[in-house]
Amino acid sequence: MFDSRARSVVRIGNALFSKKKSVDSLWQEFALNFYPKRATFTTKRDDGEEYADHLFSSYPVLARRELGNMIDEFLFPDKFFSIHVDDEELDEADEERAFLEKLTDIQTRAMLDPIARLVTARVQTNHDLVTIGNGCLWFGKNVDGNALLFRNYHMRDVAWTENAEGRIDCVHRNWTPTARQLKHYFPKTISANVQKACEEGPNKDPDKEFECRHVIMPARLYDYKTRGGKTFPFVSLYVEIESETVLEEVGLNYFPYVPPRWQIVSGSVWGTSMATDVLLPDSRTLQVVMRTLREAGEMHVNPPMVGVTEFIRSDIALYPGGITTADAQYDSKVGDVLRPIMRDKSGFPIGEEIAKALKEDIRQGFLLDKIQLPETTRAMTATEVRRRIQEHIRSASPISKPLQPEYNHPLCDGVFQLLMEDGVFPVDEMPESLAGREMKFKFRSPLDELAEQNEAEIFLDVRDRIIVPGIQIDPSIVEMVDWEGATRDAARASGFKQKWLRPKEAIEAKRAEIEQQKQMAQMAQDAA
(Lines give C-alpha, C1' and ligand atoms only; values in the text may rest on other atoms or scores of the structure.)
Protein backbone atom coordinates (compact mmCIF):
# COMPACT_ATOMS: atom_id res chain seq x y z
CA MET A 1 0.00 0.00 0.00
CA PHE A 2 1.00 3.63 -0.50
CA ASP A 3 2.49 5.52 2.37
CA SER A 4 1.79 9.23 2.67
CA ARG A 5 4.85 10.14 0.59
CA ALA A 6 3.92 7.95 -2.38
CA ARG A 7 0.29 9.04 -2.25
CA SER A 8 1.38 12.68 -2.29
CA VAL A 9 3.66 12.09 -5.29
CA VAL A 10 0.84 10.43 -7.26
CA ARG A 11 -1.52 13.27 -6.40
CA ILE A 12 1.04 15.85 -7.63
CA GLY A 13 1.47 13.87 -10.85
CA ASN A 14 -2.29 13.75 -11.42
CA ALA A 15 -2.44 17.53 -11.10
CA LEU A 16 0.42 17.95 -13.60
CA PHE A 17 -1.27 15.74 -16.21
CA SER A 18 -4.57 17.56 -15.70
CA LYS A 19 -2.86 20.92 -16.21
CA LYS A 20 -1.13 19.60 -19.33
CA LYS A 21 -4.35 18.75 -21.25
CA SER A 22 -4.39 22.04 -23.18
CA VAL A 23 -0.77 21.46 -24.21
CA ASP A 24 -1.67 17.96 -25.43
CA SER A 25 -4.45 19.47 -27.56
CA LEU A 26 -1.98 21.83 -29.24
CA TRP A 27 0.51 19.00 -29.81
CA GLN A 28 -2.31 16.95 -31.34
CA GLU A 29 -2.77 19.68 -33.96
CA PHE A 30 0.95 19.77 -34.71
CA ALA A 31 1.03 15.98 -35.06
CA LEU A 32 -2.05 15.85 -37.31
CA ASN A 33 -0.38 18.22 -39.75
CA PHE A 34 3.27 17.16 -39.53
CA TYR A 35 3.51 13.73 -37.85
CA PRO A 36 0.19 11.89 -38.31
CA LYS A 37 1.47 8.60 -36.88
CA ARG A 38 2.14 10.40 -33.59
CA ALA A 39 -1.28 12.09 -33.44
CA THR A 40 -2.46 10.17 -30.37
CA PHE A 41 -2.16 12.89 -27.74
CA THR A 42 -5.90 13.27 -27.25
CA THR A 43 -7.26 10.24 -29.13
CA LYS A 44 -6.45 6.56 -29.37
CA ARG A 45 -6.01 4.76 -32.67
CA ASP A 46 -5.48 1.17 -33.68
CA ASP A 47 -2.25 0.32 -35.43
CA GLY A 48 -4.17 -0.72 -38.54
CA GLU A 49 -5.91 2.62 -38.98
CA GLU A 50 -4.99 5.02 -41.77
CA TYR A 51 -3.33 7.98 -40.11
CA ALA A 52 -3.01 10.48 -42.96
CA ASP A 53 -6.40 10.21 -44.65
CA HIS A 54 -7.19 13.82 -43.72
CA LEU A 55 -4.24 15.25 -45.67
CA PHE A 56 -4.21 16.37 -49.30
CA SER A 57 -0.47 17.13 -49.44
CA SER A 58 2.35 15.12 -47.95
CA TYR A 59 4.87 17.96 -48.21
CA PRO A 60 4.68 19.14 -44.55
CA VAL A 61 5.15 15.54 -43.37
CA LEU A 62 8.09 15.01 -45.74
CA ALA A 63 9.71 18.27 -44.60
CA ARG A 64 9.38 17.21 -40.96
CA ARG A 65 10.80 13.80 -41.80
CA GLU A 66 13.83 15.28 -43.55
CA LEU A 67 14.68 17.67 -40.71
CA GLY A 68 14.05 14.96 -38.10
CA ASN A 69 16.52 12.69 -39.85
CA MET A 70 19.05 15.49 -40.29
CA ILE A 71 18.85 16.41 -36.60
CA ASP A 72 20.47 13.06 -35.84
CA GLU A 73 23.32 13.82 -38.23
CA PHE A 74 23.78 17.29 -36.74
CA LEU A 75 23.75 16.18 -33.09
CA PHE A 76 25.09 12.64 -33.29
CA PRO A 77 27.74 12.10 -35.98
CA ASP A 78 29.99 9.05 -35.65
CA LYS A 79 32.20 10.63 -32.96
CA PHE A 80 29.79 13.12 -31.44
CA PHE A 81 31.45 13.66 -28.06
CA SER A 82 34.82 13.58 -26.33
CA ILE A 83 35.77 13.70 -22.65
CA HIS A 84 37.93 16.52 -21.30
CA VAL A 85 38.97 18.33 -18.12
CA ASP A 86 38.86 22.06 -17.42
CA ASP A 87 42.64 22.58 -17.32
CA GLU A 88 43.51 23.07 -21.01
CA GLU A 89 47.22 22.39 -20.57
CA LEU A 90 46.51 19.21 -18.64
CA ASP A 91 43.79 18.23 -21.08
CA GLU A 92 46.23 18.35 -23.99
CA ALA A 93 49.11 16.60 -22.22
CA ASP A 94 50.02 13.36 -23.98
CA GLU A 95 49.36 10.84 -21.20
CA GLU A 96 46.22 12.54 -19.96
CA ARG A 97 44.76 13.03 -23.45
CA ALA A 98 45.39 9.39 -24.32
CA PHE A 99 43.54 8.27 -21.16
CA LEU A 100 40.63 10.63 -21.79
CA GLU A 101 40.34 9.36 -25.35
CA LYS A 102 40.26 5.82 -23.97
CA LEU A 103 37.33 6.78 -21.71
CA THR A 104 35.62 8.33 -24.72
CA ASP A 105 36.03 5.14 -26.75
CA ILE A 106 34.70 2.95 -23.91
CA GLN A 107 31.58 5.10 -23.42
CA THR A 108 31.00 5.36 -27.18
CA ARG A 109 31.10 1.57 -27.58
CA ALA A 110 28.70 1.09 -24.66
CA MET A 111 26.22 3.63 -26.01
CA LEU A 112 26.35 2.41 -29.62
CA ASP A 113 26.06 -1.27 -28.74
CA PRO A 114 23.10 -2.52 -30.85
CA ILE A 115 21.57 -4.08 -27.71
CA ALA A 116 21.33 -0.60 -26.16
CA ARG A 117 19.09 0.65 -29.01
CA LEU A 118 20.34 4.22 -28.68
CA VAL A 119 19.98 4.99 -32.39
CA THR A 120 16.35 3.86 -32.44
CA ALA A 121 15.46 5.83 -29.30
CA ARG A 122 17.15 9.05 -30.33
CA VAL A 123 15.67 9.02 -33.87
CA GLN A 124 12.20 8.70 -32.34
CA THR A 125 13.03 11.51 -29.92
CA ASN A 126 14.37 13.69 -32.74
CA HIS A 127 11.09 13.52 -34.67
CA ASP A 128 9.12 14.38 -31.51
CA LEU A 129 11.49 17.27 -30.98
CA VAL A 130 11.03 18.65 -34.49
CA THR A 131 7.24 18.28 -34.33
CA ILE A 132 6.35 19.62 -30.89
CA GLY A 133 9.66 21.01 -29.58
CA ASN A 134 9.93 18.42 -26.78
CA GLY A 135 11.09 14.84 -26.45
CA CYS A 136 11.62 12.23 -23.76
CA LEU A 137 14.49 9.73 -23.79
CA TRP A 138 15.25 7.36 -20.91
CA PHE A 139 18.45 5.44 -20.27
CA GLY A 140 19.49 2.78 -17.79
CA LYS A 141 20.60 -0.84 -17.69
CA ASN A 142 18.68 -3.64 -19.34
CA VAL A 143 16.92 -6.30 -17.27
CA ASP A 144 19.93 -8.62 -17.34
CA GLY A 145 22.17 -5.76 -16.21
CA ASN A 146 24.84 -6.50 -18.82
CA ALA A 147 24.27 -3.57 -21.21
CA LEU A 148 22.80 -0.10 -21.47
CA LEU A 149 19.24 0.41 -22.68
CA PHE A 150 17.68 3.53 -24.21
CA ARG A 151 13.95 4.13 -24.70
CA ASN A 152 11.82 6.88 -26.18
CA TYR A 153 8.45 7.69 -24.59
CA HIS A 154 5.37 9.40 -26.00
CA MET A 155 5.08 12.95 -24.69
CA ARG A 156 1.40 12.28 -24.03
CA ASP A 157 2.51 10.10 -21.11
CA VAL A 158 5.10 12.51 -19.67
CA ALA A 159 4.84 15.53 -17.39
CA TRP A 160 7.74 17.36 -15.77
CA THR A 161 8.65 20.31 -13.56
CA GLU A 162 11.68 22.58 -13.26
CA ASN A 163 13.78 23.54 -10.28
CA ALA A 164 14.64 27.11 -9.32
CA GLU A 165 17.40 27.20 -11.96
CA GLY A 166 15.11 26.23 -14.82
CA ARG A 167 16.38 22.65 -15.08
CA ILE A 168 14.01 19.72 -15.29
CA ASP A 169 14.60 17.60 -12.20
CA CYS A 170 11.23 15.88 -11.72
CA VAL A 171 9.57 13.63 -14.33
CA HIS A 172 6.25 11.78 -14.05
CA ARG A 173 5.55 9.12 -16.69
CA ASN A 174 2.36 7.12 -17.10
CA TRP A 175 2.92 3.50 -18.02
CA THR A 176 0.49 0.68 -18.88
CA PRO A 177 2.46 -2.57 -18.83
CA THR A 178 0.88 -6.00 -19.05
CA ALA A 179 0.70 -8.33 -16.07
CA ARG A 180 3.53 -10.52 -17.33
CA GLN A 181 5.73 -7.46 -17.95
CA LEU A 182 5.17 -6.29 -14.39
CA LYS A 183 5.99 -9.74 -13.05
CA HIS A 184 9.17 -9.75 -15.12
CA TYR A 185 10.31 -6.36 -13.83
CA PHE A 186 9.07 -6.54 -10.23
CA PRO A 187 8.54 -10.24 -9.32
CA LYS A 188 8.58 -9.63 -5.55
CA THR A 189 6.44 -6.51 -5.23
CA ILE A 190 3.53 -6.87 -7.69
CA SER A 191 -0.01 -6.60 -6.36
CA ALA A 192 -2.38 -9.53 -5.82
CA ASN A 193 -4.34 -8.49 -8.92
CA VAL A 194 -1.26 -8.76 -11.11
CA GLN A 195 -0.28 -12.04 -9.53
CA LYS A 196 -3.77 -13.45 -10.13
CA ALA A 197 -3.66 -12.41 -13.80
CA CYS A 198 -0.41 -14.36 -14.23
CA GLU A 199 -1.46 -17.55 -12.39
CA GLU A 200 -2.98 -20.60 -14.00
CA GLY A 201 -6.74 -20.71 -13.77
CA PRO A 202 -9.97 -19.39 -15.31
CA ASN A 203 -8.94 -15.76 -14.58
CA LYS A 204 -5.52 -16.01 -16.16
CA ASP A 205 -4.89 -12.99 -18.39
CA PRO A 206 -1.15 -12.24 -18.63
CA ASP A 207 -1.74 -9.55 -21.26
CA LYS A 208 -4.09 -7.52 -19.07
CA GLU A 209 -2.83 -3.95 -18.73
CA PHE A 210 -2.39 -2.12 -15.42
CA GLU A 211 -2.00 1.62 -14.94
CA CYS A 212 1.37 2.43 -13.41
CA ARG A 213 3.55 5.49 -13.03
CA HIS A 214 7.28 6.09 -12.89
CA VAL A 215 8.50 9.17 -11.05
CA ILE A 216 12.04 10.53 -10.87
CA MET A 217 12.54 13.39 -8.42
CA PRO A 218 15.18 14.91 -6.18
CA ALA A 219 15.57 12.76 -3.07
CA ARG A 220 15.04 15.80 -0.84
CA LEU A 221 11.43 16.00 -2.08
CA TYR A 222 10.78 12.42 -1.04
CA ASP A 223 13.00 12.18 2.04
CA TYR A 224 14.56 8.95 0.80
CA LYS A 225 17.37 7.08 2.58
CA THR A 226 18.53 3.50 2.49
CA ARG A 227 18.37 1.36 5.60
CA GLY A 228 22.02 2.13 6.15
CA GLY A 229 21.30 5.86 6.00
CA LYS A 230 22.89 6.41 2.58
CA THR A 231 21.46 9.28 0.58
CA PHE A 232 21.23 9.85 -3.18
CA PRO A 233 20.64 12.91 -5.36
CA PHE A 234 17.54 11.34 -6.94
CA VAL A 235 14.92 8.74 -6.14
CA SER A 236 13.15 6.45 -8.62
CA LEU A 237 9.60 5.43 -7.70
CA TYR A 238 7.46 2.88 -9.57
CA VAL A 239 3.84 2.60 -8.42
CA GLU A 240 0.75 0.68 -9.52
CA ILE A 241 -2.09 3.20 -9.39
CA GLU A 242 -5.27 1.13 -8.89
CA SER A 243 -3.99 -1.13 -6.10
CA GLU A 244 -1.83 1.64 -4.58
CA THR A 245 1.21 -0.63 -4.62
CA VAL A 246 4.80 0.66 -4.50
CA LEU A 247 6.64 -1.57 -6.96
CA GLU A 248 10.12 -0.11 -6.53
CA GLU A 249 11.75 2.65 -4.52
CA VAL A 250 15.49 3.15 -5.12
CA GLY A 251 18.02 5.95 -4.98
CA LEU A 252 19.99 7.05 -8.05
CA ASN A 253 23.20 9.03 -8.51
CA TYR A 254 22.14 10.16 -11.99
CA PHE A 255 19.01 11.53 -13.66
CA PRO A 256 17.87 8.81 -16.10
CA TYR A 257 15.57 10.98 -18.24
CA VAL A 258 16.81 13.24 -21.02
CA PRO A 259 14.02 15.77 -21.80
CA PRO A 260 15.36 17.91 -24.67
CA ARG A 261 13.54 21.13 -25.51
CA TRP A 262 14.35 22.88 -28.79
CA GLN A 263 13.37 26.47 -28.04
CA ILE A 264 12.62 27.47 -24.46
CA VAL A 265 10.35 30.38 -23.66
CA SER A 266 10.60 31.88 -20.19
CA GLY A 267 7.60 31.17 -18.02
CA SER A 268 6.86 27.75 -19.53
CA VAL A 269 8.31 24.33 -18.71
CA TRP A 270 7.53 23.17 -22.27
CA GLY A 271 9.69 23.82 -25.28
CA THR A 272 8.49 24.90 -28.70
CA SER A 273 9.52 23.83 -32.17
CA MET A 274 11.26 26.50 -34.23
CA ALA A 275 9.62 24.94 -37.29
CA THR A 276 6.05 23.81 -36.64
CA ASP A 277 5.29 26.62 -34.18
CA VAL A 278 5.18 29.11 -37.07
CA LEU A 279 4.27 26.74 -39.91
CA LEU A 280 0.94 25.41 -38.66
CA PRO A 281 -1.07 28.07 -40.59
CA ASP A 282 0.98 27.40 -43.75
CA SER A 283 0.39 23.67 -43.48
CA ARG A 284 -3.36 24.10 -43.02
CA THR A 285 -3.55 26.54 -45.93
CA LEU A 286 -1.55 24.20 -48.16
CA GLN A 287 -4.00 21.37 -47.46
CA VAL A 288 -6.91 23.61 -48.49
CA VAL A 289 -5.12 24.80 -51.64
CA MET A 290 -4.15 21.26 -52.66
CA ARG A 291 -7.68 20.01 -52.04
CA THR A 292 -9.06 22.79 -54.23
CA LEU A 293 -6.53 22.08 -56.99
CA ARG A 294 -7.25 18.37 -56.93
CA GLU A 295 -10.99 18.91 -57.03
CA ALA A 296 -10.54 21.39 -59.90
CA GLY A 297 -8.27 18.96 -61.75
CA GLU A 298 -10.77 16.15 -61.34
CA MET A 299 -13.52 18.48 -62.52
CA HIS A 300 -11.52 19.21 -65.67
CA VAL A 301 -10.49 15.61 -66.39
CA ASN A 302 -13.85 14.10 -65.46
CA PRO A 303 -16.30 17.00 -65.85
CA PRO A 304 -20.02 16.88 -64.98
CA MET A 305 -22.30 16.09 -67.90
CA VAL A 306 -25.51 17.68 -69.19
CA GLY A 307 -27.89 15.74 -71.41
CA VAL A 308 -31.27 15.98 -73.11
CA THR A 309 -32.97 13.24 -71.18
CA GLU A 310 -36.02 12.84 -73.45
CA PHE A 311 -33.76 11.86 -76.36
CA ILE A 312 -31.46 9.48 -74.42
CA ARG A 313 -32.66 5.89 -74.91
CA SER A 314 -30.30 3.96 -72.61
CA ASP A 315 -28.29 4.24 -69.45
CA ILE A 316 -25.52 6.82 -69.66
CA ALA A 317 -22.23 4.88 -70.04
CA LEU A 318 -19.32 7.19 -69.27
CA TYR A 319 -16.75 4.43 -68.77
CA PRO A 320 -14.16 3.60 -71.48
CA GLY A 321 -15.84 1.85 -74.44
CA GLY A 322 -19.31 2.61 -73.12
CA ILE A 323 -22.19 3.24 -75.54
CA THR A 324 -25.04 5.62 -74.86
CA THR A 325 -27.89 5.46 -77.40
CA ALA A 326 -29.86 8.52 -78.45
CA ASP A 327 -33.12 9.07 -80.35
CA ALA A 328 -32.49 9.22 -84.09
CA GLN A 329 -34.88 12.18 -84.40
CA TYR A 330 -32.64 14.37 -82.20
CA ASP A 331 -31.22 17.31 -84.14
CA SER A 332 -27.45 17.33 -83.43
CA LYS A 333 -27.22 20.89 -84.75
CA VAL A 334 -28.75 22.05 -81.49
CA GLY A 335 -25.83 20.46 -79.63
CA ASP A 336 -24.67 17.07 -78.46
CA VAL A 337 -27.36 15.11 -76.69
CA LEU A 338 -24.79 14.43 -73.96
CA ARG A 339 -21.98 16.92 -73.41
CA PRO A 340 -19.56 17.96 -70.64
CA ILE A 341 -19.90 21.15 -68.69
CA MET A 342 -16.48 22.73 -69.17
CA ARG A 343 -15.21 25.10 -66.49
CA ASP A 344 -12.77 27.96 -66.82
CA LYS A 345 -9.29 26.65 -65.92
CA SER A 346 -7.48 29.99 -65.96
CA GLY A 347 -7.22 29.90 -62.17
CA PHE A 348 -5.00 26.84 -62.20
CA PRO A 349 -1.68 28.71 -62.55
CA ILE A 350 -2.57 31.00 -59.64
CA GLY A 351 -3.40 28.03 -57.41
CA GLU A 352 -0.16 26.31 -58.37
CA GLU A 353 1.83 29.46 -57.59
CA ILE A 354 0.18 29.73 -54.18
CA ALA A 355 0.96 26.06 -53.46
CA LYS A 356 4.56 26.53 -54.60
CA ALA A 357 4.99 29.59 -52.38
CA LEU A 358 3.54 27.74 -49.38
CA LYS A 359 5.88 24.79 -49.95
CA GLU A 360 8.85 27.15 -50.11
CA ASP A 361 7.75 28.77 -46.83
CA ILE A 362 7.49 25.33 -45.23
CA ARG A 363 10.89 24.35 -46.60
CA GLN A 364 12.48 27.47 -45.12
CA GLY A 365 10.55 27.09 -41.88
CA PHE A 366 12.02 23.62 -41.43
CA LEU A 367 15.48 25.13 -42.10
CA LEU A 368 16.00 22.79 -45.04
CA ASP A 369 17.64 25.63 -46.97
CA LYS A 370 20.22 25.90 -44.17
CA ILE A 371 21.19 22.23 -44.09
CA GLN A 372 22.89 21.87 -47.46
CA LEU A 373 26.53 22.86 -47.73
CA PRO A 374 27.13 26.04 -49.73
CA GLU A 375 28.18 25.64 -53.33
CA THR A 376 31.88 26.19 -53.94
CA THR A 377 33.60 26.25 -57.30
CA ARG A 378 37.18 25.98 -58.41
CA ALA A 379 37.07 29.60 -59.47
CA MET A 380 36.71 30.67 -55.82
CA THR A 381 39.75 31.59 -53.80
CA ALA A 382 40.47 29.84 -50.51
CA THR A 383 39.33 32.98 -48.67
CA GLU A 384 36.00 33.01 -50.50
CA VAL A 385 35.43 29.32 -49.73
CA ARG A 386 36.17 29.91 -46.03
CA ARG A 387 33.72 32.81 -45.91
CA ARG A 388 31.02 30.71 -47.55
CA ILE A 389 31.58 27.99 -44.96
CA GLN A 390 31.55 30.51 -42.10
CA GLU A 391 28.22 31.90 -43.33
CA HIS A 392 26.83 28.37 -43.53
CA ILE A 393 27.95 27.64 -39.96
CA ARG A 394 26.27 30.81 -38.67
CA SER A 395 23.00 30.18 -40.51
CA ALA A 396 22.75 26.48 -39.53
CA SER A 397 23.80 26.87 -35.88
CA PRO A 398 20.18 27.31 -34.60
CA ILE A 399 19.60 23.66 -35.47
CA SER A 400 22.19 22.19 -33.10
CA LYS A 401 23.48 24.85 -30.71
CA PRO A 402 20.29 25.23 -28.57
CA LEU A 403 19.95 21.44 -28.34
CA GLN A 404 23.44 20.42 -27.26
CA PRO A 405 23.08 21.60 -23.62
CA GLU A 406 19.51 20.23 -23.48
CA TYR A 407 20.13 16.93 -25.25
CA ASN A 408 23.75 15.86 -25.76
CA HIS A 409 25.09 16.97 -22.39
CA PRO A 410 22.53 15.36 -20.03
CA LEU A 411 22.65 12.19 -22.15
CA CYS A 412 26.43 11.82 -22.12
CA ASP A 413 26.92 13.05 -18.55
CA GLY A 414 24.19 10.75 -17.18
CA VAL A 415 25.54 7.71 -19.02
CA PHE A 416 29.05 8.56 -17.79
CA GLN A 417 27.82 8.58 -14.18
CA LEU A 418 26.05 5.26 -14.71
CA LEU A 419 29.11 3.60 -16.26
CA MET A 420 31.38 5.02 -13.57
CA GLU A 421 29.07 3.69 -10.86
CA ASP A 422 29.06 0.30 -12.58
CA GLY A 423 32.88 0.11 -12.66
CA VAL A 424 33.18 0.09 -16.45
CA PHE A 425 36.01 2.62 -16.70
CA PRO A 426 39.64 1.59 -15.91
CA VAL A 427 40.06 4.03 -13.04
CA ASP A 428 43.23 2.23 -11.91
CA GLU A 429 44.93 3.40 -15.14
CA MET A 430 44.05 7.05 -14.55
CA PRO A 431 47.08 9.41 -14.37
CA GLU A 432 47.48 10.90 -10.90
CA SER A 433 47.15 14.38 -12.34
CA LEU A 434 43.51 13.63 -13.27
CA ALA A 435 42.51 12.40 -9.81
CA GLY A 436 39.64 14.48 -8.45
CA ARG A 437 39.16 16.35 -11.72
CA GLU A 438 35.63 16.84 -12.98
CA MET A 439 35.09 15.38 -16.43
CA LYS A 440 33.61 17.64 -19.11
CA PHE A 441 32.14 16.85 -22.50
CA LYS A 442 32.78 18.53 -25.80
CA PHE A 443 30.43 17.79 -28.67
CA ARG A 444 31.16 17.56 -32.36
CA SER A 445 28.58 18.28 -34.99
CA PRO A 446 29.16 18.62 -38.73
CA LEU A 447 29.23 22.36 -38.12
CA ASP A 448 31.95 21.97 -35.46
CA GLU A 449 33.93 19.75 -37.81
CA LEU A 450 33.61 22.38 -40.53
CA ALA A 451 34.79 25.07 -38.12
CA GLU A 452 37.79 22.98 -37.01
CA GLN A 453 38.68 22.06 -40.57
CA ASN A 454 38.42 25.74 -41.38
CA GLU A 455 41.03 26.43 -38.69
CA ALA A 456 43.33 23.83 -40.23
CA GLU A 457 42.82 25.43 -43.64
CA ILE A 458 43.66 28.84 -42.15
CA PHE A 459 46.95 27.41 -40.85
CA LEU A 460 47.84 26.02 -44.28
CA ASP A 461 46.74 29.20 -46.06
CA VAL A 462 48.68 31.55 -43.77
CA ARG A 463 51.73 29.30 -43.94
CA ASP A 464 51.78 29.17 -47.73
CA ARG A 465 50.63 32.71 -48.56
CA ILE A 466 52.29 34.76 -45.81
CA ILE A 467 54.92 32.99 -43.75
CA VAL A 468 56.79 31.04 -46.44
CA PRO A 469 57.16 34.11 -48.75
CA GLY A 470 58.18 36.13 -45.67
CA ILE A 471 60.92 33.62 -44.80
CA GLN A 472 62.41 34.09 -48.24
CA ILE A 473 62.83 37.78 -47.43
CA ASP A 474 63.78 37.39 -43.75
CA PRO A 475 64.76 33.84 -42.64
CA SER A 476 64.38 34.80 -38.97
CA ILE A 477 60.59 34.87 -39.44
CA VAL A 478 60.61 31.07 -39.17
CA GLU A 479 61.29 31.46 -35.43
CA MET A 480 58.09 33.50 -35.02
CA VAL A 481 55.83 30.41 -35.19
CA ASP A 482 55.57 27.47 -32.80
CA TRP A 483 55.58 24.98 -35.67
CA GLU A 484 55.20 21.91 -33.48
CA GLY A 485 52.20 23.29 -31.58
CA ALA A 486 50.56 24.68 -34.72
CA THR A 487 51.01 21.39 -36.58
CA ARG A 488 49.57 19.40 -33.68
CA ASP A 489 46.54 21.70 -33.42
CA ALA A 490 45.96 21.59 -37.18
CA ALA A 491 46.22 17.78 -37.16
CA ARG A 492 43.70 17.49 -34.31
CA ALA A 493 41.36 19.96 -36.01
CA SER A 494 41.44 17.71 -39.06
CA GLY A 495 40.37 14.71 -36.94
CA PHE A 496 43.82 13.28 -36.22
CA LYS A 497 43.75 11.24 -32.99
CA GLN A 498 46.10 11.87 -30.09
CA LYS A 499 47.26 8.24 -30.08
CA TRP A 500 48.57 8.71 -33.62
CA LEU A 501 50.87 11.50 -32.41
CA ARG A 502 54.12 10.70 -30.67
CA PRO A 503 54.46 12.11 -27.13
CA LYS A 504 56.32 15.41 -26.79
CA GLU A 505 58.89 13.74 -24.52
CA ALA A 506 59.65 11.14 -27.19
CA ILE A 507 60.06 13.88 -29.79
CA GLU A 508 62.42 15.84 -27.53
CA ALA A 509 64.45 12.67 -26.87
CA LYS A 510 64.70 11.97 -30.59
CA ARG A 511 65.83 15.54 -31.27
CA ALA A 512 68.49 15.25 -28.57
CA GLU A 513 69.66 11.95 -30.08
CA ILE A 514 69.90 13.49 -33.56
CA GLU A 515 71.77 16.49 -32.19
CA GLN A 516 74.18 14.21 -30.35
CA GLN A 517 74.80 12.20 -33.53
CA LYS A 518 75.53 15.41 -35.41
CA GLN A 519 78.01 16.48 -32.75
CA MET A 520 79.75 13.11 -32.80
CA ALA A 521 79.93 13.17 -36.59
CA GLN A 522 81.38 16.69 -36.46
CA MET A 523 83.95 15.63 -33.87
CA ALA A 524 84.97 12.64 -36.00
CA GLN A 525 85.28 14.89 -39.03
CA ASP A 526 87.41 17.40 -37.09
CA ALA A 527 89.66 14.60 -35.79
CA ALA A 528 90.22 13.33 -39.31
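Scroll up to find the structure.
The following paragraphs examine the structure supplied in this document. (Residues numbered from 1 in each chain as written. Predicted model: local features only at pLDDT ≥ 70, side-chain atom pairs only at ≥ 80, totals over all residues. Heavy atoms only, no water.)

Quick look at the sheet that holds strand E8 (residues 245–252) now. Sheet strands line up and pair through hydrogen bonds in the backbone, either parallel or antiparallel. Taken together, the five strands give an open sheet; going across it, the order is E4-E5-E6-E7-E8, and neighbouring strands pair in antiparallel fashion. Among the strands making up the open sheet, the edge pair consists of strand E4 (158–162) and E8. Neighbour-to-neighbour, the strand axes of this sheet turn through a mean angle of 15°, independent of strand direction. Note: strand E5 (residues 168–175) against strand E6 (residues 212–218), five bridges, orientation antiparallel. Across the sheet, Asn174 pairs through a bridge with Arg213, a residue of E6. Running at roughly 85° to E5, helix H1 (residues 4–19) makes contact with E4, E5, E6, strand E7 (234–240) and E8 of the sheet. (Pairing = 2+ DSSP bridges. Helix = DSSP H or I, 4+ residues; strand = E, 2+ residues; numbered from the N terminus. Axes fitted to C-alpha atoms, helices over the stretch in contact; angles between N-to-C directions. Contact = heavy atoms within 4.5 Å.)

The strand order E3-E2-E9 describes an open sheet built from three strands, whose pairing is antiparallel. Pairing within the sheet leaves two strands with one partner each, and these edge strands are strand E3 (148–152) and strand E9 (257–258). Relative to E9, strand E2 (residues 137–141) runs antiparallel, the two being bridged by two bridges. Its bridge partner lying in E9, Leu137 is registered against Val258. The strands touched by helix H6 (residues 118–132) within the sheet are E2 and E3, with E3 carrying the most contacts at an inclination of about 25°.

Between helix H2 (residues 21–34) and helix H9 (residues 276–301), the shortest axis-to-axis distance is 10 Å and the interhelical angle comes to 55°. On the basis of the axis angle, H2 is oblique to H9. As for how H2 packs across H9, the hand of that crossing is left-handed. Across the interface between the two elements, Glu29, Phe30, Asn33 and Phe34 of H2 pack against Thr276, Asp277, Leu279, Leu280, Ser283 and Arg284 of H9. Its residues assigned to classes, the contact of H2 with H9 shows four nonpolar, three polar and three charged. (Parallel < 35°, antiparallel > 145°, perpendicular 65-115°, else oblique. Left-handed = near helix turned anticlockwise from the far one by under 90°. Nonpolar A, V, L, I, M, F, W, Y, C, P; charged D, E, K, R; others polar.)

Here the focus is a nonpolar patch on the surface. Taken together, the side chains of Met305, Ile316 and Leu318 present a nonpolar region at the surface, about 270 Å² in accessible area. Along the chain, the position of Ile316 falls in the loop between strand E12 (305–307) and strand E13 (338–340). Classification of Ile316 as partly exposed rests on a relative accessible area of 46%. (Patch = residues over 30% accessible without salt bridge, like charges linked within 9 Å, V, L, I, M, F, W, Y side chains within 5 Å. Areas by Shrake-Rupley, 256 points an atom, 1.4 Å probe, with all protein chains shown as cover. Salt bridge = Lys/Arg side-chain N within 4 Å of Asp/Glu carboxyl O. Buried < 20%, exposed > 50% of the residue type's maximum accessible area, 1.4 Å probe, protein only.)

Turning our eyes to something else, we now look at the pattern of salt bridges. All chains considered together, the criterion is met by 19 salt bridges. One salt bridge in this structure joins Asp72 and Arg122, with 2.8 Å as the shortest N-O distance. Taken as a pair, Asp72 in helix H3 (residues 59–75) and Arg122 in helix H6 lie far apart in primary sequence, 50 residues in all. Of the two residues, Asp72 and Arg122, neither departs from the other in class, the shared state being buried. Notably, a salt bridge pairs Asp169 with Arg220, separated by 3.9 Å at the nearest N-O pair. On the criterion of sequence distance, the pair formed by Asp169 in strand E5 and Arg220 in the loop between E6 and E7 is long-range, its members being 51 residues apart. Assessed through its relative accessible area of 64%, Arg220 is described here as exposed. One connected set of salt bridges, linked through shared partners, spans Asp91, Arg97 and Glu101.

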